[in-house]
Amino acid sequence: MTLILGSQWREASFLFRFLGVAAIFQPLCNTAGWLYIATGKTDRMLKWGVFASSLTVVSFFIGLPYGARGVALCYAVAMLLQVYPCMYYATRGLEITTSDLFSAIAQSLVAALIAGLATIGIKFALNPILPVWGIAIACTLVMAGLYVAIVFYLFGKKSFYLSFLREFKQRR
């Protein structure tokens with residue numbers, strides 16, 4: 001943020017770090033909506049929505065005494081705490097299980113966590129050496145390159161994704 005918007009936005013960058021953590025977990029719960037709709041369980045979707053919204057509002061109130069950082073942190077924690085119950089409630093009584101859902105995302109999540117941790121290490125290593133824009137470029141290249149390398153080679157998904165890209169290219 002400071003690279004693009006300037007140093008006056010430094011405080012906001014701390015908020016976006018917490019919100020970035022929430023952004024990892026929120027899509028997992030959002031996909032539960034597909035299960036509710038596909039199985040005709042929209043009544044359960046409504047119940048979960050009321051519960052999740054209430055938890056989010058409570059997290060805001062808990063964080064308020066600590067300012068914007070507290071609200072962002074409590075929101076991220078609320079998103080994290082919702083993941084398993086959300087998936088469990090969405091799959092309860094279905095042939096698909098919570099572990100099926102987590103198995104489907106495990107490899108991508110592991111690759112993202114490893115690449116993210118490596119990127120954090122690169123950032124700290126390069127901080128005294130490079131300007132902010134250089135660190136941003138290096139971190140982007142490390143994150144993307146390491147993620148692709150892990151998914152392609154460690155998890156053996158190279159042929160799957162390349163065939164998908166070839167098929168997509170042919171349809172255009």
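Residues numbered from 1 in each chain as written. Predicted model: local features only at pLDDT ≥ 70, side-chain atom pairs only at ≥ 80, totals over all residues. Heavy atoms only, no water.

Draft legend 1. The side chain of threonine 91, seen in detail. Within the secondary structure, threonine 91 is located in helix α5 (residues 67-91). For threonine 91, the residues in contact, after removing those within four places along its chain, are Leu35, Ile96, Thr97, Thr98 and Leu101. (Helix = DSSP H or I, 4+ residues; strand = E, 2+ residues; numbered from the N terminus. Contact = heavy atoms within 4.5 Å.)

Draft legend 2. Representation of a nonpolar patch on the surface. On the surface, Ile24, Leu109 and Leu113 cluster together into a nonpolar patch covering about 240 Å² of accessible area. For leucine 109, a relative accessible area of 32% gives the class partly exposed. (Patch = residues over 30% accessible without salt bridge, like charges linked within 9 Å, V, L, I, M, F, W, Y side chains within 5 Å. Areas by Shrake-Rupley, 256 points an atom, 1.4 Å probe, with all protein chains shown as cover. Salt bridge = Lys/Arg side-chain N within 4 Å of Asp/Glu carboxyl O. Buried < 20%, exposed > 50% of the residue type's maximum accessible area, 1.4 Å probe, protein only.)

Draft legend 3. Layout of the nonpolar core. Among the nonpolar cores identified, the biggest contains 18 residues, and Ala32, Tyr36, Trp48 and Cys86 are the most heavily contacted of them. Among the secondary structure elements, those contributing two or more residues to this core are α2 (10-30), α3 (32-38), α4 (42-63) and α5. Tallying contributions element by element places α5 first for this core, with eight residues. Among all residues touching tryptophan 48, those that are not within four sequence positions of it are Tyr36, Gln82, Pro85, Cys86 and Tyr89. (Core = buried A, V, L, I, M, F, W, Y, C linked by side-chain atoms within 4.5 Å.)

Draft legend 4. Broad picture of helix α6 (residues 98-126). Spanning 29 residues, α6 covers 40 Å between terminal C-alpha atoms, matching the ideal 42 Å at 1.5 Å per step. In the structure, α6 departs most strongly from a straight axis at alanine 106, where the bend amounts to approximately 45°. Among all positions of α6, only Thr98, Leu101, Ala111, Ala115, Gly116, Thr119 and Leu126 are buried. On the buried face of α6, the contacting elements are α3, α5 and α7 (132-154). (Expected span 1.5 Å × (residues − 1). Bend = angle between axes of the 7 residues up to and from the residue.)

Draft legend 5. Seen up close, the packing of α4 against α5. The interhelical angle for the contact between α4 and α5, taken along N-to-C directions, is 155°, at an axis separation of 8 Å. Classified by the angle between their axes, α4 and α5 sit roughly antiparallel to one another. With respect to the hand of their crossing, α4 and α5 are arranged in right-handed fashion. Contacts between α4 and α5 involve Arg44, Lys47, Trp48, Ala52, Leu55, Thr56, Ser59, Phe60, Ile62 and Gly63 on the former and, on the latter, Gly67, Gly70, Val71, Cys74, Tyr75, Ala78, Met79, Gln82, Pro85, Cys86, Tyr89 and Ala90. Counted by class, the contact of α4 with α5 contains 14 nonpolar, six polar and two charged residues. (Axes fitted to C-alpha atoms, helices over the stretch in contact; angles between N-to-C directions. Parallel < 35°, antiparallel > 145°, perpendicular 65-115°, else oblique. Left-handed = near helix turned anticlockwise from the far one by under 90°. Nonpolar A, V, L, I, M, F, W, Y, C, P; charged D, E, K, R; others polar.)

No statement about biological role is implied by the geometric values presented.
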